[in-house]
Amino acid sequence: MFAADCAQAEIHDPQLKAAYKACHDHLRSTSAEEFWCLQLMPPALRPACWALFAAHSLADDLADSTEGDGSQRLRAWREALDTDLRLGTSQDPVRQALVHTMWCWNLKTDAFDVTFTALEKDALRTAPAAATWQQWRTRSKDTNVPFLLLCLTMLRHAGLDIPLHLTRLDAYQRLSDGLFLTDSLTDLADDLSRGDITLPAEELHRFGTCETDLLQRRWTPAVQALISHLLDTAHTWLDQPRLWTGLPPGPAVVLRTGCTLYRARLHAAEKAGPALLQHAARPALAARLRVTGPGRLLAATTWRLFPLPELRTAPPPTRPVLPAPRVASPELLQPPEPHAGGARPPALPAERMPRHVAIIMDGNGRWATARGLPRNDGHKAGGKALVDVVHGAAEIGLPHLTVYLLSTENLEKRPPQEIDKLLTFAREQLESGDFLRYDVRIRWAGLPDGLPRDFVDLLRTNEMATEDRTGLTLTFCLNYGGRSELTQAADSLAGAARTGQLEGTRVSEHLLRSHLPLGDLPDVDLLWRTGGEQRISNFLPWHTAYAELLFTDKLWPDIDRRDLWEAVTEYTHRHRRYGAAPASQPVVPAQEMRLGTSG
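Residues numbered from 1 in each chain as written. Predicted model: local features only at pLDDT ≥ 70, side-chain atom pairs only at ≥ 80, totals over all residues. Heavy atoms only, no water.

### A closer look at the packing of helix α2 (residues 14–30) against helix α4 (residues 46–64)
Right, on to step 1. Interhelical geometry of α2 versus α4 gives an angle of 60 degrees and a closest axis separation of 8 Å. Judged by the inter-axis angle, α2 sits oblique to α4. Crossing of α2 against α4: the hand is left-handed. Listed contacts from α4 to Tyr20, Cys23, His24, His26, Leu27 and Thr30 of α2 are Pro47, Ala48, Cys49, Trp50, Ala51, Phe53, Ala54, Ser57, Leu58 and Asp61.
Right, on to step 2. Its residues assigned to classes, the contact of α2 with α4 comprises 11 nonpolar, 4 polar and 1 charged. (Axes fitted to C-alpha atoms, helices over the stretch in contact; angles between N-to-C directions. Helix = DSSP H or I, 4+ residues; strand = E, 2+ residues; numbered from the N terminus. Parallel < 35°, antiparallel > 145°, perpendicular 65-115°, else oblique. Left-handed = near helix turned anticlockwise from the far one by under 90°. Contact = heavy atoms within 4.5 Å. Nonpolar A, V, L, I, M, F, W, Y, C, P; charged D, E, K, R; others polar.)

Given below as structure tokens:
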């Protein structure tokens, strides 16, 4: 079977086959359920899956090791992987297979950054024990989800898109929780042997369970009640057959059989009783074969009947994607970079500070033309201006900054060469990891249609890597249109009505907002446009309903953080009325800036 899978994946080099065999054997001996789930994948993808999950398993083992400094060994392994990715090979068999997989499928390293950072915090014991379910979910997601997403990326690169329905996001979350709760319960004994309790503290307190009882392996009534409740919870989260309805046949078989195999692990944990605190619970061979036997037969038949549309398994003749800098853990995040000229932010009254500033960054092309330069040089200079403005926003403690990078109209009407260059600049900025070193949460508003798939993956990976940041939220509006956003919300509402998810017939403002792609984004307080034009250009129509408008003449590449500070200072002098009659006409200080309307 191993040789046949390698042949399907066009892996013929003996040394490379030996590297994949090392991954295959490591998974089969240490993570049997995960291994047999991966055997349900198309044969041409199996070796790549072995490499990804063997690397994850090895990294997890390094973090959990009680011998020596696990975090230091994990960091050394990660740095060696960076070097190997640049070289295109490795002396370590697992890394050699992993590098080949990354090259073959053009996979980004961002997933490793997120996972290795989470594991390193575990190894250092700097991550506090999960007090709540939400904290438990965050840790589980950071540690495990990125590698699952890489498998989805491979399927997409092989020509098979997996539809993710927005109406089922809660169900996807519960399924993910069920998988990782099963891991936590069946591996409870291993965690206790290291002095770790990986269950949410709120559940322990709810059942009156003493942490000491768990650490000393005492099967008290409270411990028994806690374990029984969590096993039932995991069963419920895994039992969601509607999730694989509507999926392509092959992925549906993989998901259904995988969930059945994980439920077998839960049954083994139930049968173990007090022994669950002494050793890991795994289904007996016969129980596993009852699931994997029919599952493998059905998967093989399904993939033959519904093969992948296209496959690219040989490494492309291009240099690999260089790894981005690692995502800093919260305690290692850097403060904003100071202004190059030493400018310091003004003293701004906290009670009058805007919560959300949105910017239409206009003037890149005119700036370049005025200097006899290609328009692309204007976009490059505009990118540098944006970086400085972001640091300036962080310096004054601005909670939200949203910038208009590319409209849907730009994508349709600008020359393809200009769009390609603009996206290249954006890609380089995201891959550099510059923003990841600071307390900045990155979000994306826009449509994936028309954008390169790997660029969309990069945007989403940056979102995922920073979603727990609590400083500045930086939202990139890219391939974005305000009318399109409202159309999406209306379509989502109509879909909810068709499926009976709406009660009553009245659509409220709050209900409509909840269906916006970024409905949780606060309303814009200040909308600032550079470059001398005075229009909002289909930008954030919902969120700017009561925004203060500010139009300035300076072209965007000439902007830096000092201009942002002036704009915010101007905002603090405004008197916002939200439709009420003014008590008196406010006096606004004269500025070089032309003012817009006040709502």
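### Some remarks on the confidence of the model for the chain
Right, on to step 1. Per-residue pLDDT for the chain has a mean of 83; in total, 87% of the residues score no lower than 70.
Right, on to step 2. With pLDDT under 50 throughout, residues 312–329 is counted as low confidence; its partners more than four residues away or in other chains account for 54 contacts.
Right, on to step 3. Every residue in residues 584–599 is under pLDDT 50, and counting partners more than four places away or in other chains gives 35 contacts. (pLDDT = per-residue confidence, 0-100.)

### Considering the pairing of strand β5 (residues 526–529)
Right, on to step 1. Residues Leu526 and Trp528 line one face of β5 and the alternating positions Leu527 and Arg529 line the opposite face, and both faces are buried.
Right, on to step 2. Across 4 bridges, strand β1 (residues 356–360) lies against β5 in parallel orientation. Note on β5: the bridge partner recorded for Ala358 is Leu527.
Right, on to step 3. Note: β5 against strand β6 (residues 548–551), 4 bridges, orientation parallel. Residue pairing for β6: Leu526 is matched across the bridge by Glu548. (Buried < 20%, exposed > 50% of the residue type's maximum accessible area, 1.4 Å probe, protein only. Pairing = 2+ DSSP bridges.)

### Points about the layout of surface pockets
Right, on to step 1. Its boundaries defined by the atoms lining it, the second largest pocket holds a volume of some 970 Å³.
Right, on to step 2. Lining the second largest pocket are 39 residues, with Met361, Asn364, Tyr404, Leu405 and Leu422 sitting closest to its centre.
Right, on to step 3. For the lining of the second largest pocket, the secondary-structure elements that each account for two or more residues are α16 (364–370), α17 (375–395), β2 (400–407), α18 (408–413), α19 (416–432) and β4 (472–480).
Right, on to step 4. When residues in the lining of the second largest pocket are grouped by element, the largest group, 8 residues, is from α17.
Right, on to step 5. Of the residues assigned to the lining of the second largest pocket, the class counts are 15 nonpolar, 12 polar and 12 charged. (1 Å grid on protein atoms, 1.4 Å probe; cavity = no way out; pocket = protein on both sides within 12 Å on 5 of 7 lines; lining within 4 Å. Points joined across faces, edges and corners; volume = space filled by probe spheres on them.)

### Observations regarding the packing of helix α9 (residues 169–186) against helix α13 (residues 221–238)
Right, on to step 1. At a minimum axis separation of 8 Å, α9 and α13 run at an interaxial angle of 140 degrees. When you trace α9 past α13, the crossing you get is left-handed. In this structure, α9 contributes Arg174, Leu175, Asp177, Gly178, Leu179, Leu181, Thr182 and Leu185 to the contact, and α13 contributes Ile227, Leu230, Leu231, Thr233, Ala234, Trp237 and Leu238.
Right, on to step 2. Here the residues of the contact of α9 with α13 sort into 10 nonpolar, 3 polar and 2 charged.

### Considering empty space enclosed by the protein
Right, on to step 1. Using the criterion set out here, one finds 3 cavities of 30 Å³ or more in the structure.
Right, on to step 2. Each pocket or cavity is described by its volume, and for the largest cavity that value is around 70 Å³.
Right, on to step 3. What lines the largest cavity is a set of 11 residues, and nearest its centre among them are Ala9, Ile11, Ala44, Ala48 and Trp105.
Right, on to step 4. Of all elements in the fold, only α4 and α6 (93–105) reach the threshold of two or more residues within the lining of the largest cavity.
Right, on to step 5. Among the elements that make up the lining of the largest cavity, the one with the highest residue count is α6 (4 residues).
Right, on to step 6. Its residues assigned to classes, the lining of the largest cavity comprises 8 nonpolar, 3 polar and no charged.

### Quick look at helix α15 (residues 285–305)
Right, on to step 1. An ideal rise of 1.5 Å per residue puts 30 Å on 21 residues; α15 measures up with 29 Å between its terminal C-alpha atoms.
Right, on to step 2. Among the residues making up α15, those that are buried are Arg288, Val291, Thr292, Gly295, Ala299, Thr302 and Trp303.
Right, on to step 3. Each element contacted by the buried residues of α15 is listed here: α3 (32–38) and α14 (249–272). (Expected span 1.5 Å × (residues − 1).)

### What about α2?
Right, on to step 1. With 17 residues, α2 should cover 24 Å at 1.5 Å per step; its first-to-last C-alpha distance of 24 Å lies within 8% of that length.
Right, on to step 2. Of the residues flanking the start of α2, the one acting as N-cap is Asp13, its side-chain oxygen 3.2 Å from the backbone nitrogen of Gln15. (Polar contact = N/O pair within 3.5 Å; in protein donor to acceptor, adjacent residues only side chain to side chain.)

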